[in-house]
Amino acid sequence: MRVITGSARGMRLFTLEGDSVRPTTDKVKEAMFSIIQFEIEGRRVLDLFAGSGQLGIEALSRGAKSAQFVDESKQAISVINKNLEKTKLKDLSLVSHTDSVAFISSTDRVYDLFFLDPPYNKGLIEKVLPLCEKRAAAGALIVCETSAEEFLPEEIEGLVFSKRYKYGKTALTVYRKAEA
């Protein structure tokens, strides 16, 4: 797993170990960032269910203003911090060791770009999407990674379904919050 481009281009990131871990593949990450490439610079990013932090780190490397990383795993938080130090992006970041649903339910921060990559087939995206809408700036993008068998709703109050992309066993679904 590596940073594709930007200030940390080519740096290999630390990953989590174990069977329960499913990092975003380089192929899917490249496709994701190709889709949103003009939506990153100067944006406030929320990497919910962050894992190793690779999605938020990629956004920071490409010019995002800041990134908040949230994960409930102590091991994930340790890996995120190591990756932020390695890429020299720690000063642009906040890392929260907490449950992602609890975080998005209670934060008062507003974000422009959301990455949602929870454990597959657990209904977590459907649970947090309406909560993300409340924390999204006008025009914000929400990028959801799911298994290809999961289909997210096309209608969510305050969010406009943009497109669904399929890459093998993985799907990306993109929403945008309506402009004010």
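Everything that follows concerns the structure shown earlier in this document.
None of the values given here were measured: they were computed from a predicted structure.

Caption draft 1: Molecular detail of the nonpolar core. In terms of nonpolar packing, the biggest core is built from 28 residues, with Phe 33, Ile 36, Phe 69, Leu 113 and Phe 115 touching the most fellow members. Elements represented by at least two residues in this core include exactly α1 (26-35), α2 (54-61), β2 (66-71), α3 (74-87), β4 (111-116), β5 (136-147) and β8 (170-177). A total of four residues in this core trace back to one element, the largest contributor, which is α2. In contact with Ile 36, not counting residues within four places along its chain, are Leu 113, Phe 115, Leu 141 and Val 143. Among the nonpolar cores identified, the runner-up in size contains 22 residues, and Tyr 111, Leu 129, Ile 142 and Cys 144 belong to it.

Caption draft 2: How the structure looks around helix α5 (residues 124-134). All of the buried residues in α5 are Ile 125, Val 128, Leu 129, Cys 132 and Glu 133. On an axial view of α5, the arc spanned by its buried residues comes to 145 degrees, and they lie on one face. Exposed residues lying more than 90 degrees from the buried face of α5 are Lys 127 and Lys 134.

Caption draft 3: Region of the structure containing the state of the cysteines. Summed over all chains, the structure comprises zero disulfides. The structure places no disulfide on Cys 132, whose sulfur is separated from the nearest cysteine sulfur, that of Cys 144, by 7.7 Å. Residue classification places Cys 144 among the buried residues on the basis of a relative accessible area of 0%.

Caption draft 4: Expanded view of the packing of α1 against α2. Where α1 contacts α2, the axes come no closer than 12 Å and their chain directions differ by 45 degrees. Classified by the angle between their axes, α1 and α2 sit oblique to one another. At the point where α1 passes α2, the crossing takes the right-handed sense. Contact residues: Lys 29, Met 32 and Phe 33 in α1; Gln 54, Leu 55, Glu 58 and Ala 59 in α2. Tallied by class, residues from the contact of α1 with α2 come to four nonpolar, one polar and two charged.

How each quantity is defined
Residues numbered from 1 in each chain as written. Predicted model: local features only at pLDDT ≥ 70, side-chain atom pairs only at ≥ 80, totals over all residues. Heavy atoms only, no water. Core = buried A, V, L, I, M, F, W, Y, C linked by side-chain atoms within 4.5 Å. Buried < 20%, exposed > 50% of the residue type's maximum accessible area, 1.4 Å probe, protein only. Helix = DSSP H or I, 4+ residues; strand = E, 2+ residues; numbered from the N terminus. Contact = heavy atoms within 4.5 Å. Arc of directions from axis to C-beta. Disulfide = S-S within 2.5 Å. Axes fitted to C-alpha atoms, helices over the stretch in contact; angles between N-to-C directions. Parallel < 35°, antiparallel > 145°, perpendicular 65-115°, else oblique. Left-handed = near helix turned anticlockwise from the far one by under 90°. Nonpolar A, V, L, I, M, F, W, Y, C, P; charged D, E, K, R; others polar.

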